[in-house]
Amino acid sequence: MNTEILGIVLMYVAVLVMAIPLGRYMGKVFSNEKTWLDSLFSPIDKIFFKLSGINPAKEMNWKQHLVALLTINLFWFLLSMFVLTNMSWLPLNPDANPSMSGDLAFNTAVSFVTNTNLQHYSGETGLSYLGQLTLMLWQFISAGCGIAIAAVVFFAMKERTTDKLGNFYFLFVRSCTRILFPIALVIATLLVFNGTPMTFEGKDTITNLQGDTVQVSRGPVAAFVAIKQLGTNGGGFYGPNSTHPLENPSYFTNIVETISIFLIPMAMIFSLGYVLKRKKLAWMIYGVMTIGFLLLVIPTVINEMNGNPAIAKMGIAQPFGSMEGKEVRFGPAASAYWAINTTVTSNGSVNAMHDSLTPLSGMNALLGMMVNCFYGGVGVGFLNFYIFIILAVFISGLMVGRTPEFLGKKIEAREMKIAMIIALLHPLLILTGTAIASHLYAHNPIAYAGWLNNPGHHGFTEMLYEFTSASANNGSGFEGLGDNTPFWNISCGIVMLLARYLPIVGPVAIAGSLAAKKYIPESAGTLKTDTSTFGLMVFAVIAIVAALSFFPALTLGPIAEYFSIH
């Protein structure tokens, strides 16, 4: 037990130790300062810009940045739809897997375009290698878009008045070539040398220890897994995701993948401090996020290591904790730690089945997605946190009787309206979707019987989790839900689209609006936003919004289930 806890501590410390210098390096990449990888990647960057006819030195305003991002996303969405609906006759399909139906292809393409990676299919049987490679490319593109648009907001937060906020294509290409690709290459290499396949050959026939002959799916798994974790994508090459022994063969690969999930989201915070030259602000943001993370991860680890009370009532000993739905090579502690890592960062990969978590552990995983800003996804996690900063500044200004200011810019009605719309959008999408699904099931349980393997409190949680995962751009699931149906494919696809792009448009619009305003130097009466006091204010705003929005739904699901088994 002590060894398991030590493993968790070492994984977190390793991420922090690497995230601080990586954040500084990323700040230099965004600011176009000289880095040690320039000699290798500058010629590659130039090729991309020359072929595309893009001038990376041309400055854009915030609206032009958004147009560029949405254009890239639309193009790759259409290409993904074509590949997914025509895989059966396209090349790189040694196992002769079929093409996807229209509704499933729509859900899958939207899922990977939006960095959600919600999967209503099993990868080894539902995709050809061309389909897997197309989605793997999307895991670079969606992550690169998130990092680039966060960098735009960083530039907008600088202490000057301007409407020119860099060049999106420049930031996007450099995010992919200077940050994502080099680190993904290292991770993929570590995975290959530790048992993860990397081949274009089809299924292999093996004889297992029982003497049975089985077909084992292979493919370019290591490359796929590396970017799935690093870009907070989470899409699994295999159906069981990182519980599969070929995606995550050992405790060492589990350490590598867990660190990969957290690395860039945490580094983005320190990158902000470097770009703005405000290290105290970065540490304040890190502190708030870390407090929220620890409040979720500590009770989850304790719950899973203590075992399941329903099993204990049967007189069955649980010396290793709650092992239902978990891999023995990882254990309950590392599985619980991963569950919170993957839900607070909008990664969505799993190394244990979340459907088998004890009720309050499942609630904590839900809360990580409902809050959606404790580290968060690459780039976009900070944008969600930025909304709460704006709300906290406004409320604090009202409390002390001063015009709200953030980094020398006045926050006025326009910014607050946008911030409130974005803050309320997340619970609106989750609760509306869950309400519609609950109504349909409750009024016609025979027609929708295939949806839920676990009716009652747990079944409600499964539906709540699915829409929460879609809205948080997470992608994990309570897999007791039968979700490959037109209703779930289309409704979750719509939620993913709205929940990805509106929370990008809102913060960028606020940042662009503030950047164009006159800069007001700090004075004795200026609200300090890099202090622990303001950090507590931000945390309080996050807690109040989450509690008021989601507590009733959580009461009907995991909390009611908790009391039903005690």
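Residues numbered from 1 in each chain as written. Predicted model: local features only at pLDDT ≥ 70, side-chain atom pairs only at ≥ 80, totals over all residues. Heavy atoms only, no water.

**Q** Give a detailed account of the overall build of the chain, specifying residues and quantitative values.
**A** For the chain, the count of helices and strands is 18 helices and four strands. Since a compact globule built from 566 residues should have a radius of gyration of about 24 Å, the 23 Å found for the chain is in line with a globular shape. Expressed as a percentage of the 566 residues in the chain, the buried residues total 60%. The contacts in the chain between residues at least 6 apart in sequence include a share of 78% that link residues at least 24 apart. About 21700 Å² of surface is accessible on the chain, with carbon and sulfur atoms providing 69% of the total. (Helix = DSSP H or I, 4+ residues; strand = E, 2+ residues; numbered from the N terminus. Rg over C-alpha atoms; globule rule 2.2 N^0.38 Å. Buried < 20%, exposed > 50% of the residue type's maximum accessible area, 1.4 Å probe, protein only. Contact = heavy atoms within 4.5 Å. Areas by Shrake-Rupley, 256 points an atom, 1.4 Å probe, with all protein chains shown as cover.)

**Q** Residues and numbers for the nonpolar core, please.
**A** Counting residues in each nonpolar core, the largest one holds 177 residues, and the members touching the most others are Phe30, Phe168, Ile264, Ile285, Tyr375 and Tyr386. It is helix H6 (residues 129-156) that provides the largest number of residues to this core, a total of 18 residues. The residues touching Phe168, leaving out its near neighbours within four places in the chain, are Met60, His65, Ala68, Leu69, Ile72, Cys145, Ala148 and Ile149. (Core = buried A, V, L, I, M, F, W, Y, C linked by side-chain atoms within 4.5 Å.)

**Q** Give me the lowdown on the pattern of salt bridges, citing residues and values where you can.
**A** A complete count under the given rule lists nine salt bridges for this structure. Between Arg178 and Asp38 there is a salt bridge, with its nearest N and O atoms 2.6 Å apart. Here Arg178 is found in helix H7 (residues 168-192), whereas its partner Asp38 is found in helix H2 (residues 38-52), with 140 residues between them in sequence. Each of the two residues, Arg178 as well as Asp38, counts as buried. Of the charged contacts, one joins Lys203 and Asp95 as a salt bridge, the two residues approaching to 3.8 Å between their closest N and O atoms. Placement of Lys203 in the loop between H7 and strand S1 (204-207) and of Asp95 in the loop between helix H3 (62-84) and helix H4 (102-113) is noted, with a sequence separation of 108 residues between them. Given a relative accessible area of 31%, Lys203 falls into the partly exposed group. Each of Asp38, Asp45 and Arg178 takes part in salt bridges that share partners, so that together they form one network. (Salt bridge = Lys/Arg side-chain N within 4 Å of Asp/Glu carboxyl O.)

**Q** So what's going on with the layout of surface pockets? Which residues, and what values?
**A** Vacant regions in the atomic arrangement are exposed by a probe of water-molecule size rolled over the atoms. Each pocket or cavity is described by its volume, and for the largest pocket that value is around 560 Å³. Contributing to the lining of the largest pocket are 20 residues, with Phe48, Trp76, Phe172, Val173 and Cys176 lying nearest its centre. Considered class by class, the residues forming the lining of the largest pocket number 17 nonpolar, three polar and no charged. Each pocket or cavity is described by its volume, and for the second largest pocket that value is around 390 Å³. Secondary-structure elements contributing two or more residues to the lining of the second largest pocket are helix H1 (2-30), H7 and helix H9 (251-276). Ranked by the residues each element gives to the lining of the second largest pocket, the list is headed by H7, at six residues. Of the residues contributing to the lining of the second largest pocket, the split by class is 14 nonpolar, one polar and one charged. (1 Å grid on protein atoms, 1.4 Å probe; cavity = no way out; pocket = protein on both sides within 12 Å on 5 of 7 lines; lining within 4 Å. Points joined across faces, edges and corners; volume = space filled by probe spheres on them. Nonpolar A, V, L, I, M, F, W, Y, C, P; charged D, E, K, R; others polar.)

**Q** Please provide a residue-by-residue account of the packing of aromatic side chains, values included.
**A** One pass over the structure, following the stated rule, counts 30 aromatic pairs. Taken together, a centroid distance of 6.2 Å and an interplanar angle of 65° make the contact between Tyr12 and Phe262 edge-to-face. With a gap of 250 residues between them, Tyr12 in helix H1 and Phe262 in helix H9 connect regions that are remote in the sequence. Take Tyr12 and Phe262: they sit in the same class, and that class is buried. With a centroid separation of 6.1 Å and 40° between ring planes, the pair formed by Phe382 and Tyr386 is classed as tilted. Within this pair, Phe382 and its partner Tyr386 are both found in helix H14 (residues 380-400), separated by four residues, close to a single helical turn. In this pair, the class of Phe382 matches that of Tyr386, namely buried. Aromatic ring contacts, followed pair by pair, group Tyr12, Phe262, Phe293, Tyr337 and Tyr375 into a single cluster. Positioned above the aromatic ring of Tyr274, the side-chain terminus of Lys277 is 4.0 Å from the ring centre. (Phe/Tyr/Trp six-rings, centres within 6.5 Å; stacked < 30°, edge-to-face > 60°. Lys NZ or Arg CZ within 6 Å of the ring centre and 35° of its normal.)

**Q** Help me get a handle on the side chain of Ser271, residues and values and all.
**A** Relative to the helices and strands, Ser271 resides in helix H9. Taking the relative accessible area as the measure of exposure, Ser271 reaches 0% and is therefore buried. When residues no more than four places from it in sequence are discounted, the contact partners of Ser271 are Gly23, Met26, Gly27, Phe30 and Phe154.

**Q** Describe the pairing of strand S2 (residues 213-216), naming the residues involved and giving the relevant values.
**A** Of the pairings in the sheet, the one linking S1 to S2 comprises four bridges and is antiparallel in character. For Asp204, the partnering residue across the bridge sits in S2 and is Val216. Two successive antiparallel strands, S1 and S2, enclose a turn made up of five residues, where Gly211 displays a positive phi of approximately 90°. (Pairing = 2+ DSSP bridges.)

**Q** Tell me what's going on with the side chain of Asn73, and back it up with residues and numbers.
**A** Considering the arrangement of structural elements, one finds Asn73 in helix H3. Here Leu69 takes part through its backbone oxygen, which lies 2.7 Å from a polar atom of the side chain of Asn73. Sequence-distant contacts of Asn73, that is, excluding residues within four places in its chain, are made with Val113, Trp138, Cys145 and Tyr501. (Polar contact = N/O pair within 3.5 Å; in protein donor to acceptor, adjacent residues only side chain to side chain.)

**Q** Lay out the environment of Thr529 with the relevant residues and their values.
**A** Examined against the element boundaries, Thr529 turns out to sit in the loop between helix H17 (486-515) and helix H18 (532-564). As for Thr529 and Ser242, which are separated by 287 residues in sequence, their C-alpha atoms are 39 Å apart. Excluding anything up to four places from it in sequence, Thr529 contacts Leu281, Met284, Val393, Phe406, Leu407 and Phe534.

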